[in-house]
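Residues per chain, in single letters:
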Amino acid sequence: LIQNHVMKAKPRDPDAQAKYNECSKIVHQQAFAKAISVDTDKKLVSESIDLDAIKVDDDYKGPRLDGSITPEFMSDLLKWFKDQKILHKKYAFKILLEVKEIFSSSPSLVDVEIPECNKFTVCGDIHGQFYDLLNIFKLNGIPSSDNPYLFNGDFVDRGSFSVEVILTLIGFKVLYPNHFHMSRGNHESETMNQMYGFEGEVKSKYLYKKK
């Protein structure tokens, strides 16, 4: 702030300009360090959540996930989301915990072999557009071991159905871990999610409304 006043008072002073540039560099370095820092004392929800303690009311009519994810569950989930209904938080947490195990045990670089007789669909930047995602599946087929996919990041933010998109994608990842691939984009970060809508959408659908 002081340097800004100095620059306004002496805009042609080379010494003031050099010190201003140096201060700006330090500020940007500090902001970057804060952005990439990890709070090691922050306890993860995945380490404390008790799925058995989460009650599912009898009036919940949506898909239920009491065992492993199946193709039938994913089909029911797509229909449920298409009607703009919310998956119960117990099952949302269950999918998240299962996909966390898969991602945590996977290398950062994955080699994917594609048989010559098979197609391989690559998609990018869904950005919370669930109905666009449904159209992709309509055109290219539902993901399966014979119909592999790669989604190149930016799954959420901007669109109004980021929750539905990410739960669908990670659901298929759990179901077909070796044939459904997801790479991280710049919107897969806490800061971007706060700025571009995903955090607010999650709170709106799972925190501020009774499920």
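Right above here is the structure, for reference.
Rules of the game
As a convention, each chain's residues are numbered from 1 in the sequence order in which they are written. Only residues with pLDDT of at least 70 get local features here, since the model is predicted, and only at 80 or more are side-chain atom pairs given and counted; chain-wide, interface and lining totals rely on the full set of residues. Hydrogen atoms and water are omitted, and side-chain values are computed over all heavy atoms in the structure. The way it works is that DSSP assigns letters per residue, a run of H or I at least four long becomes a helix, a run of E at least two long becomes a strand, and they are numbered from the N terminus. Note that the radius of gyration is over C-alpha atoms, with the globule rule given as 2.2 Å times the number of residues to the power 0.38. Note on classification: 1.4 Å probe, protein chains only; a residue is buried when its accessible area is under 20% of the maximum for its type, exposed when over 50%, partly exposed between these limits. Here, two residues are considered to be in contact whenever any of their heavy atoms come within 4.5 Å of each other. Nitrogen and oxygen atoms within 3.5 Å of one another constitute a polar contact, given that in protein one can donate a hydrogen and the other can accept it, and given that sequence-neighbouring residues count only through two side-chain atoms. Structural elements are reduced to axes, namely lines fitted to C-alpha atoms, with helices fitted over the stretch in contact, and the angle between N-to-C directions of any two is expressed from 0 to 180 degrees. Angle categories are assigned with fixed cut-offs, so that under 35 degrees is roughly parallel, over 145 is roughly antiparallel, 65 to 115 is roughly perpendicular, and the rest are oblique. Lys, Arg, Asp and Glu make up the charged group, whereas Ala, Val, Leu, Ile, Met, Phe, Trp, Tyr, Cys and Pro make up the nonpolar group; the residues left over, Gly among them, are polar. Only four residue types enter the charge count, namely Lys and Arg as positive and Asp and Glu as negative; His and the chain termini do not. Here, a salt bridge means any Lys or Arg side-chain nitrogen found within 4 Å of an Asp or Glu carboxyl oxygen.

## A short note on the overall build of the chain
In step 1: Helix and strand counts for the chain stand at eight helices and three strands.
In step 2: In the chain, the succession of helices and strands from N to C terminus is α-α-α-α-β-α-β-α-β-α-α.
In step 3: For the chain, whose C-alpha radius of gyration is 22 Å, the value lies well above the compact-globule estimate of 17 Å for 211 residues.
In step 4: In terms of principal-axis extent, the alpha carbons of the chain reach across some 70 × 50 × 30 Å.
In step 5: Within the span of the chain, comprising 211 residues, buried residues form 36% of the whole.
In step 6: In the chain, once contacts between residues fewer than 6 apart in sequence are set aside, the share between residues at least 24 apart is 75%.

## Quick look at the side chain of Lys 205
In step 1: Mapped onto the fold, Lys 205 is located in helix H8 (residues 198-207).
In step 2: Among the polar contacts listed, one links the side chain of Lys 205 to the backbone oxygen of Ser 160, at a separation of 3.2 Å.
In step 3: A polar contact of 2.9 Å, which involves the side chain of Lys 205, links it to the side chain of Glu 164.

## Section: the packing of helix H3 (residues 71-82) against helix H6 (residues 162-175)
In step 1: Axis separation between H3 and H6 bottoms out at 10 Å; the angle between their running directions is 175°. Comparing their axes, H6 and H3 come out roughly antiparallel. Where H3 abuts H6, its residues Pro 71, Met 74, Leu 77, Leu 78 and Phe 81 lie against Glu 164, Leu 167, Thr 168, Gly 171, Phe 172 and Leu 175.
In step 2: Across the contact of H3 with H6, the residue classes break down as eight nonpolar, two polar and one charged.

## Some points on the side chain of Glu 188
In step 1: Mapped onto the elements of the fold, Glu 188 is located in the loop between strand E3 (180-183) and helix H7 (190-196).
In step 2: For the buried Glu 188, no salt bridge is present, and the opposite-charge side chain at shortest range is Arg 184, 6.2 Å distant.
In step 3: A polar side-chain atom of Glu 188 sits 2.8 Å from the main-chain amide nitrogen of Asp 154.
In step 4: Residue contacts for Glu 188: discarding those within four places in its chain leaves Gly 153, Asp 154, Phe 155 and Val 156.

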